[in-house]
Amino acid sequence: EGASREARAAGAAQVRTFQVDVADADAVQAIADEIARDWGGIDVWINDAMVSVFAPAWEITAAEYRRVTEVNFLGTVHGTLAALRGHREIVDGMIAAHRGRVFNTAGDSVIAEFASAVEATLCAVEIQQEIGRRNEAVPKAKRLEFRIGLNIGDVMVEGGNLFGDGVNVADR
């Protein structure tokens, strides 16, 4: 409840807190899905689950070290991934709206193909505008920001994949 009070005092119009085992990726994603369904997406994700063990190091058990690591590290990772998935929905939706297609992903990167350079450019601008709008309420150090590169080049299509210098340059 303390985090809710602080957020409201800072001017947040709507705040919702959840109690969840942040070391459980499925539980964190379920909360993120509920937020997306009820509120349209996550604007700010705060992992306030920092834990520690207050004892001399020689008295702390391996199980206690493990749990502290799970909550602190995995909580941050799972929360970030849930927020990133929400941003991916924006990116994927904009790509589709501009008649593009995602043909490859790796981690947090996306490689998309557009038949029109104009549509690709408009898509990139609109993605940055929407992500920027979402980031307005987020402290700069906690924002998810994305770089977008555009490349025009010939590609070869084989099955559902693309090959060639146009892809290789864009991938870098």
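Look above for the structure.
The structure reproduced in this document is the subject of the present report. (Residues numbered from 1 in each chain as written. Predicted model: local features only at pLDDT ≥ 70, side-chain atom pairs only at ≥ 80, totals over all residues. Heavy atoms only, no water.)

**With respect to the overall build of the protein**
- Assigned secondary structure in the protein consists of five helices and four strands.
- For the protein, the succession of helices and strands along the chain, N to C, is α-α-α-β-β-α-β-β-α.
- For the protein, the share of sequence-separated contacts (at least 6 apart) that also reach a separation of at least 24 residues comes to 46%.
- Just so you have it, the protein exposes about 11,800 Å², and 53% of that area is on carbon and sulfur atoms. (Helix = DSSP H or I, 4+ residues; strand = E, 2+ residues; numbered from the N terminus. Contact = heavy atoms within 4.5 Å. Areas by Shrake-Rupley, 256 points an atom, 1.4 Å probe, with all protein chains shown as cover.)

**Some thoughts on helix α2 (residues 25–39)**
- Its 15 residues place the ends of α2 21 Å apart at the C-alpha level, agreeing with the 21 Å of an ideal helix rising 1.5 Å per residue.
- Among all positions of α2, only Val28, Gln29, Ile31, Ala32 and Ile35 are buried. The buried residues of α2 occupy an angular sector of 155° when the element is viewed end-on, so they sit on one face. Of the exposed residues in α2, those oriented more than 90 degrees away from the buried face are Asp26 and Arg37.
- Where the residues of α2 are buried, they touch α3 (62–97). (Expected span 1.5 Å × (residues − 1). Buried < 20%, exposed > 50% of the residue type's maximum accessible area, 1.4 Å probe, protein only. Arc of directions from axis to C-beta.)

**A look at the nonpolar core**
- Counting residues in each nonpolar core, the largest one holds nine residues, listed as Ile90, Val91, Met94, Ile95, Phe114, Ala120, Cys123, Ile127 and Ile131.
- Elements with a contribution of two residues or more to this core: α3 and α4 (117–135).
- Formed by five residues, the second largest nonpolar core is a distinct cluster that contains Val22, Val28, Val71 and Ala82. (Core = buried A, V, L, I, M, F, W, Y, C linked by side-chain atoms within 4.5 Å.)

**Quick look at the pattern of salt bridges**
- Taken as a whole, this structure holds nine salt bridges when the rule is applied.
- Through salt bridges with shared partners, a single ionic network connects Asp21, Arg66, Arg67 and Glu70. (Salt bridge = Lys/Arg side-chain N within 4 Å of Asp/Glu carboxyl O.)

**Here's the deal with the packing of α2 against α3**
- Interhelical geometry of α2 versus α3 gives an angle of 40° and a closest axis separation of 9 Å. When the axis of α2 is compared with that of α3, the two are oblique. Between α2 and α3 the crossing geometry is right-handed. Mapping the contact onto sequence places Ala25, Val28, Gln29 and Ala32 in α2 and His78, Gly79, Ala82 and Arg85 in α3.
- Of the residues that constitute the contact of α2 with α3, the class distribution is four nonpolar, three polar and one charged. (Axes fitted to C-alpha atoms, helices over the stretch in contact; angles between N-to-C directions. Parallel < 35°, antiparallel > 145°, perpendicular 65-115°, else oblique. Left-handed = near helix turned anticlockwise from the far one by under 90°. Nonpolar A, V, L, I, M, F, W, Y, C, P; charged D, E, K, R; others polar.)

By themselves, these observations are geometric and do not establish any function.
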